[in-house]
Amino acid sequence: MDQRRSTRIVIQLVSRLVATAIVCTAIGVAILFSAPAAAQTPQPTRPDTACRLCHADSTTTMTLPSGDVLRAGVDLGVLEQSVHGAGAAAPVYCSDCHRPRQRYQYPHGENPAENIGQFEAEIAQNCEQCHTSSLLHNPGHLQAQDKTNLPNCVDCHGGHEVAPAAAMIADPVGACQQCHMEFEDQKIGDVHAELVGNFGAGQSCQTCHASTPQSEDAKCQTCHSLLSSELALASGETVSLHVDPLDIVHSVHGERVFDGIQYTTLRCTDCHREQGIWGFPHQEIDTETRRELTIAMQQVCQECHSEIYERNADGIHARHIAEGELQAATCADCHGNHAIHDPDNPRERISQTCGNCHSTINEQYAMSVHGAALLGEDNPDVPVCTDCHGVHNIPDPTTAAFRLSSPAMCGTCHANAEMMNKYGISTDVFNTYVADFHGTTVTLFEHASPDERTNMAVCYDCHGIHNILPATDENSQIIKANLLATCQQCHPDATENFPDAWTSHYTPSLEHYPIVYLVNLFYAIVIPLTVGGFLLFIATDIFRRIRERFQGGGQKTDHGEVKDEQ
C-alpha cells in the first residue's frame, strides 16, 4: 500500500512538472514569435516615398531656357522642420504641391517653365488647394497698380523651407525687404529707408501698403508723420517734411461746428489737390528759397477763402509782395500752415502774431496803456493791432487818408459812452478835439481833400502811436512836464506858457478851468441878451413904423416927419 501510494504521488508530481513545462514553453514560444510578428507588421506607405528616396541624395540639375538652374536635391531635414513637415496638422506629400501628378511621375514629363519664376508660379497655384487664394491674401500687394509682377506664395514663403506665418509676422519688415531692398529711384529708396527706421509700435510696411484700399489722405498722414528729414532747397535753406496729423485735428480745420454748420476734419488732399504735383513721388520743388515757397503756398488758401484772399490782395502786405518786398506777411506767416488756431482766441494772440514781424512795435505796444491792459489784465475792450489797422485789407498807415481818418478810428472807442463809463473816461476827450481848431480842420480836410496832407495835429501826434501811456504817467507825452516838447513838434517857436492855453480835453467847469468856464458863462449870457436886445429894438421899431403907415392922417415935413393937421 505504501509503495503504491508513493508511486501515485511521484506520478502526480511529474505530471504537474510536465504541465508546467508545457505552459512555460507555450508562453515562451508565444513571446518569442510575437515580437518578430509586431516588428514585421507593414507600415502605411507614403505616396511620395519614391520622391523622397530619389531626391534626398540627388545632385542632378536642370537648366531652363532662361539659364536658371533647378536643383533636384531636397534636404529632408529642412522639409521636416518646415510647416509642411512633422508639425503639420495633416500630412503634406510631394505630390500635393508638385502637380499635375502625371508630369511628376517617373520618368518626369518635360517642364514647360521658361525660367525659375514660371516654375515657382506654377507651384504657387497649387498652394491654393489648401490655402486662401492669393487674390484674397497677398499682404501689401492687393492694391498694387501694376498687376503684372505681383509676388506669389513661393516668393514670400519659400519652397521646401516654408517657415510658420508667425515668424513672418514677428518680422514683417524683414519679410518685405527680402525683395524690396533696392529701388530704381534713389529718392524713393531713401524715403522708404527713413520710414522703416522711424516705424513705431504696430507699424510695418502694411501701414501704408495695406491689403484694403487706403485713402490718399491716409497715405499723406502716415508718410509725413513718420518723416523727420528736411527738404533742401536750391538756396541751401531747408523745409521740414514732418507733419503731425493731430495738428490738423486740433486746429480750426478739425471737426467743429461754426455758424451752425458741422465741419469735418480737413483732409490733406483738400488743400493739396493736384495729384500730379502732390502725389507720391512728389514733383521737384522749383522754388529756390523758402520764402518763395511760402508765398507760392498762398494759392492753397484761395481755394476756400476766396473773399478773404481778395481783400488781402488790396492790403499793404500783398502790395509789397507784388512790388518785390518778399518779406511782407502771407497767410501762413499770420495763421500758420497745419496747426492753425483761432486768430483771436486768446485775444493777445493777435499782437503776438503781428509781433513776429513787427517786434519793435510790439514791444512798445506791450508797455503802453493798451498793451498792459491786454497782456496783464486780459482786458477785452482795449484795441489790438487789427482794431486800428484792419485785418486782411490793411491800409498803408503812412498815407494822408489814414492820418485824416485816425481821429475817427480813436473815436470808435473813446466816443463810446458805454465803454468809457466802465473806466471813468469822459467821451469829451474825443468831442473836445473835434470841436477845437485842430480837430475842426482835420475833419474838413477829411471830407474835402482826404488825400491831401495837413499839418494839423491828430490824436497820435500828441499821445503817441503804439507807445501811448496813461496821462498820469511820468513819461507820458501829454503830462505837463513833457507837454511843451510835444507841442514844439509842430510849433517849434512855442514858449513855456504855450501849453497853458490847452484845456486838456476837459470841458471847462468850476472844477476844471473855472475862469474859462466863467468867461464862457458870461458870454453865454451877455451875447444872447445883447443880440436879443438888438433884435427886440429892431422889432419894436419896425412895428412902430408899420403901425404909423397904416394909421395915416398926417403929413410929412421936409424932414420926413408927420405933422398934425390941427
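Residues numbered from 1 in each chain as written. Predicted model: local features only at pLDDT ≥ 70, side-chain atom pairs only at ≥ 80, totals over all residues. Heavy atoms only, no water.

**Thoughts on the overall build of the protein chain**
Logical step 1: For the protein chain, the helix and strand inventory stands at 30 helices and eight strands.
Logical step 2: Looking at the 566 residues of the protein chain, the share that counts as buried comes to 21%.
Logical step 3: Within the protein chain, contacts between residues at least 6 apart in sequence are counted, and of these 51% link residues at least 24 apart.
Logical step 4: Here the protein chain has roughly 39100 Å² of accessible surface; of this, 58% comes from carbon and sulfur atoms. (Helix = DSSP H or I, 4+ residues; strand = E, 2+ residues; numbered from the N terminus. Buried < 20%, exposed > 50% of the residue type's maximum accessible area, 1.4 Å probe, protein only. Contact = heavy atoms within 4.5 Å. Areas by Shrake-Rupley, 256 points an atom, 1.4 Å probe, with all protein chains shown as cover.)

**Structural notes on the packing of aromatic side chains**
Logical step 1: The final tally for this structure, using the stated rule, is one aromatic pair.
Logical step 2: For the ring pair Phe522 and Tyr523, a centre distance of 5.5 Å and an interplane angle of 75° mean the geometry is edge-to-face.
Logical step 3: Residue classification places Phe522 among the partly exposed positions, given a relative accessible area of 48%.
Logical step 4: Using a relative accessible area of 45% as the deciding quantity, one classes Tyr523 as partly exposed. (Phe/Tyr/Trp six-rings, centres within 6.5 Å; stacked < 30°, edge-to-face > 60°.)

**Focus: the confidence of the model for the protein chain**
Logical step 1: For the protein chain, the average pLDDT comes to 86, and 90% of its residues sit at 70 or higher.
Logical step 2: Here residues 17-21 scores under 50 on pLDDT; set against residues more than four positions off or in separate chains, the count is zero contacts. (pLDDT = per-residue confidence, 0-100.)

**What about unusual backbone geometry?**
Logical step 1: With an omega dihedral of -5°, the bond running from Arg99 to Pro100 counts as a cis peptide bond.
Logical step 2: Mapped onto the secondary structure, Pro100 falls in the loop between α4 (94-97) and α5 (101-104).
Logical step 3: In this structure, the amide linkage connecting Tyr106 to the following residue, Pro107, adopts the cis form with an omega of -5°.
Logical step 4: Within the secondary structure layout, Pro107 lies in the loop between α5 and α6 (116-127).
Logical step 5: The backbone of Asp259 shows a phi angle near 55°, a positive value even though the residue is not glycine.
Logical step 6: Looking at where Asp259 falls in the secondary structure, it is placed in the loop between β5 (256-258) and β6 (261-263).
Logical step 7: Residue Asp259 is classed as exposed on the basis of its relative accessible area, which comes to 68%.
Logical step 8: One non-glycine residue, His505, adopts positive backbone phi at about 65°.

**Describing the side chain of Ser406**
Logical step 1: Counting through the fold element by element, Ser406 comes out in helix α24 (residues 400-414).
Logical step 2: Within the structure, Ser406 has its side chain in polar contact with the backbone oxygen of Arg403 (distance 2.6 Å).
Logical step 3: The contact partners of Ser406, leaving out residues within four places of it in the chain, are Val458 and Tyr460. (Polar contact = N/O pair within 3.5 Å; in protein donor to acceptor, adjacent residues only side chain to side chain.)

**Side note on the packing of helix α26 (residues 428-435) against helix α27 (residues 437-448)**
Geometrically, a packed helix pair is captured by the angle between its two axes and the distance between the axes.
Logical step 1: In contact at an axis separation of 4 Å, α26 and α27 are set at 75° when each is read in the N-to-C sense. With respect to α27, the axis of α26 lies roughly perpendicular. From α26, Tyr433, Val434 and Ala435 reach across to α27, where they touch Phe437, His438, Gly439, Thr440, Val442 and Thr443.
Logical step 2: A breakdown of the residues in the contact of α26 with α27 according to their chemical character gives five nonpolar, four polar and no charged. (Axes fitted to C-alpha atoms, helices over the stretch in contact; angles between N-to-C directions. Parallel < 35°, antiparallel > 145°, perpendicular 65-115°, else oblique. Nonpolar A, V, L, I, M, F, W, Y, C, P; charged D, E, K, R; others polar.)

**Considerations on a nonpolar patch on the surface**
Logical step 1: A surface patch of nonpolar side chains, amounting to about 700 Å² of accessible area, comprises Ile515, Val519, Phe522, Tyr523, Ile527, Val531 and Leu535.
Logical step 2: If you trace the backbone, Leu535 turns up in helix α30 (residues 514-551). (Patch = residues over 30% accessible without salt bridge, like charges linked within 9 Å, V, L, I, M, F, W, Y side chains within 5 Å. Salt bridge = Lys/Arg side-chain N within 4 Å of Asp/Glu carboxyl O.)

**What to know about the nonpolar core**
A general trend in soluble globular proteins is that nonpolar side chains are found buried together.
Logical step 1: Counting nine residues, the largest nonpolar core is built from Leu64, Leu70, Tyr104, Ala113, Phe119, Ile123, Ala124, Cys153 and Val154.
Logical step 2: Looking at this core, the elements with two or more residues in it are α6 and α7 (153-157).
Logical step 3: Per-element accounting of this core gives the leading share, three residues, to α6. (Core = buried A, V, L, I, M, F, W, Y, C linked by side-chain atoms within 4.5 Å.)

**Some thoughts on α27**
Two residues of an α-helix separated by three or four positions point the same way, owing to the 3.6 residues in each turn.
Logical step 1: Between its terminal C-alpha atoms α27 stretches 16 Å, which fits the 16 Å expected from 12 residues at 1.5 Å a residue.
Logical step 2: Restricting attention to buried positions, one finds in α27 the residues Gly439, Thr441 and Val442. The buried residues of α27 occupy an angular sector of 165° when projected down its axis, which confines them to one face. In α27, the exposed residues that point more than 90 degrees away from the buried face are Phe437, Leu444, His447 and Ala448.
Logical step 3: Elements that come into contact with the buried residues of α27 comprise α24 and α26. (Expected span 1.5 Å × (residues − 1). Arc of directions from axis to C-beta.)

**Considering the side chain of His392**
Logical step 1: Secondary-structure assignment places His392 in the loop between α23 (385-389) and α24.
Logical step 2: On the accessibility criterion, His392 (18% relative accessible area) is buried.
Logical step 3: Discounting chain neighbours no more than four positions away, the residues touching His392 are Ile308, Arg311, Asn312, Gly315 and His335.

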